[in-house]
Amino acid sequence: MDQRLVAVVDYGMGNLRSVSKAAEHMADAQTRVIVTQDPQVIHNADAVIFPGQGAARACMQALENTGMIEPIKRAAQEKPFLGICMGLQVLMSHSDENGGVDCLNIIPGKVTQFDLSSYPELKMPHMGWNQIHQTQDHPLWHAIPQDSRFYYVHSYYVVPENPSTLFGETTHGQTFPAVLSTHNLFAIQAHPEKSAEHGLQLFKNFLSWNGH
Amino acid sequence: MSLAKRIIPCLDVDNGRVVKGVQFVDIRDAGNPVEVAKRYDEQGADEITFLDISATHEGRGTTIHMVEEVASQVFIPLTVGGGIRKVEDIRTMLNAGADKVSINSAAIYNPEFVKEACDAFGSQCIVVAIDAKKVSAEGEPNRWEIFTHGGRKETGIDAIEWALKMESLGAGELLVTSMDKDGTKSGFDNALMKEITSRVKIPVIASGGVGNLQHLVDGVKEGGAEAVLAASIFHFGQHTVQEAKQAMAEQNIEVRL
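The structure presented is a predicted model; accordingly, all values stated were derived computationally and were not measured.

Caption draft 1: Quick look at the overall build of chain A. Along chain A, the regular secondary structure elements total six helices and 13 strands. Rg of the C-alpha trace for chain A: 16 Å, near the compact-globule value of 17 Å for 212 residues, within the 12% margin. The principal-axis extents of the C-alpha atoms in chain A amount to approximately 55 × 40 × 30 Å. Taken across its 212 residues, chain A has 62% of its residues classed as buried. Partitioning the intrachain contacts of chain A with sequence separation of at least 6 by distance along the chain shows that 72% fall at a separation of at least 24. As displayed, chain A offers around 8200 Å² of accessible surface, 46% of which is attributable to carbon and sulfur atoms. Averaging the positions of the 13 positive and the 20 negative side-chain charges in chain A gives two centres separated by 5 Å.

In structure tokens:
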């Protein structure tokens, strides 16, 4: 049987090891997960995982420095693509973080900061286990119960222009878009690699997803 | 539907083995870190914290391998503290698979280190550990100061002011341990916890003194903690994490069940 190659994009920003270990843990014998900085490997891969942590400006800078912008834009059009945390946020057009940063503009919309002024008891960053309400069916939700808890750590959230891209939402004071999907792309604000059995199930679903 | 309060088992690690010092004297071995971490993951632990108490360079090397091994088998957040002094130490632990590091005495010697760490890796992975001891006399208004060396060495730094300073330098979370309570099994110092949780915006993990499940509940309800940390009640089979969560849920605290 043909081997399936899954590329975890390494641009120096993120918990790559955790992400690749979780994917490897759920991969079958025909699937090879590799962490890569090589645009050619991303181009050849059957599926791409795009993690990320840290601040928006640093992430965009790191993507530029490593020559990853074009390969990621291409992969996001062509093959099963999983964005995680900052790997969701930088897909948007623009982020308000760091005084304003232009992002990849793959999903039209912006990234903005929580406003918890009406919720003095809530803490920031939004850190810990919160529920994802699945707002539309999706192959990546397979065997993940409605309102399952995933692990989060972030202070900004995405606001897509097109509401039909919304596949999951979470509430921390305000209800915010937690999962966006278009065609072959699925991107999640939470950390499935740190979300125990439901997170691992999401990886399993992604690894068997053909992008449709 | 909202954020769950977290339960965090803490594993003191020396040369790659889990130990727990009761008031830092009576060290008992609670087992292999990977096995223990897996057991807690299965019980529903929300996070696991490793505190490396190894005194030697070799001991630290063993801890790095241990973190690698745990991180490849346990898929919940892992925090590593103990001996984190340089940006390079943080990078090593994150590369080994830790999600957060906890900085303690290095922050006291050089508070700017916290800012440097947050700038390099993001606030989300920087926890500042605060070891506080009550210094006010009976009848005086409560006052706590920071102590180092397991509570033996005073610094003269006010604990509340320190917490605010660490927040302003970018810390993503505070791990607050009462050195008066640690090892006593008499519950958290909830007056200390409340004083801090009511004044910072970042999440606070309460630590030091858990002897029963009600203490965990009290840390959330009275102390205002986002997360509660305990060691010996879990290590020696007194309670499972699942039982702890049920006790919290019965008292209307939102938990991940």
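Moving on, there is more to tell.
Caption draft 2: The sheet that holds strand β9 (residues 148–154) of chain A, seen in detail. Residue and element names in this part refer to chain A. The nine strands are arranged β2-β1-β3-β4-β13-β12-β11-β8-β9 in an open sheet whose pairing can be described as mixed. The open sheet has two edge strands with one neighbour each: β2 (31–36) and β9. For this sheet, the mean inter-axis angle between neighbouring strands, taken without regard to orientation, is 25°. As paired elements, strand β4 (residues 81–84) and strand β13 (residues 185–188) share four bridges and run parallel to each other. In the sheet register, Ile-84 faces β13, and the bridge partner there is Ile-188. The strands touched by helix α1 (residues 16–26) within the sheet are β1 (4–9), β2, β3 (47–50) and β4, with β2 carrying the most contacts at an inclination of about 175°.

Caption draft 3: Inspection of the pairing of strand β4 (residues 48–52) of chain B at higher detail. All names here are of chain B. Most of β4 sits inside the fold, with four of its five residues counted as buried. Here strand β1 (residues 6–14) pairs with β4 via four bridges, running parallel. The partner of Asp-12 across the bridge, within β4, is Leu-51. Between the parallel elements β4 and strand β5 (residues 78–81), the chain passes through helix α2 (residues 57–71) in a crossover that is right-handed.

Rules used throughout
Residues numbered from 1 in each chain as written. Chains lettered and ligands numbered in written order. Predicted model: local features only at pLDDT ≥ 70, side-chain atom pairs only at ≥ 80, totals over all residues. Heavy atoms only, no water. Helix = DSSP H or I, 4+ residues; strand = E, 2+ residues; numbered from the N terminus. Rg over C-alpha atoms; globule rule 2.2 N^0.38 Å. Buried < 20%, exposed > 50% of the residue type's maximum accessible area, 1.4 Å probe, protein only. Contact = heavy atoms within 4.5 Å. Areas by Shrake-Rupley, 256 points an atom, 1.4 Å probe, with all protein chains shown as cover. Lys, Arg positive; Asp, Glu negative; His and termini not counted. Charge placed at Lys NZ, Arg CZ, Asp CG, Glu CD. Pairing = 2+ DSSP bridges. Axes fitted to C-alpha atoms, helices over the stretch in contact; angles between N-to-C directions. Right-handed = clockwise from strand over helix to strand, strands pointing away.

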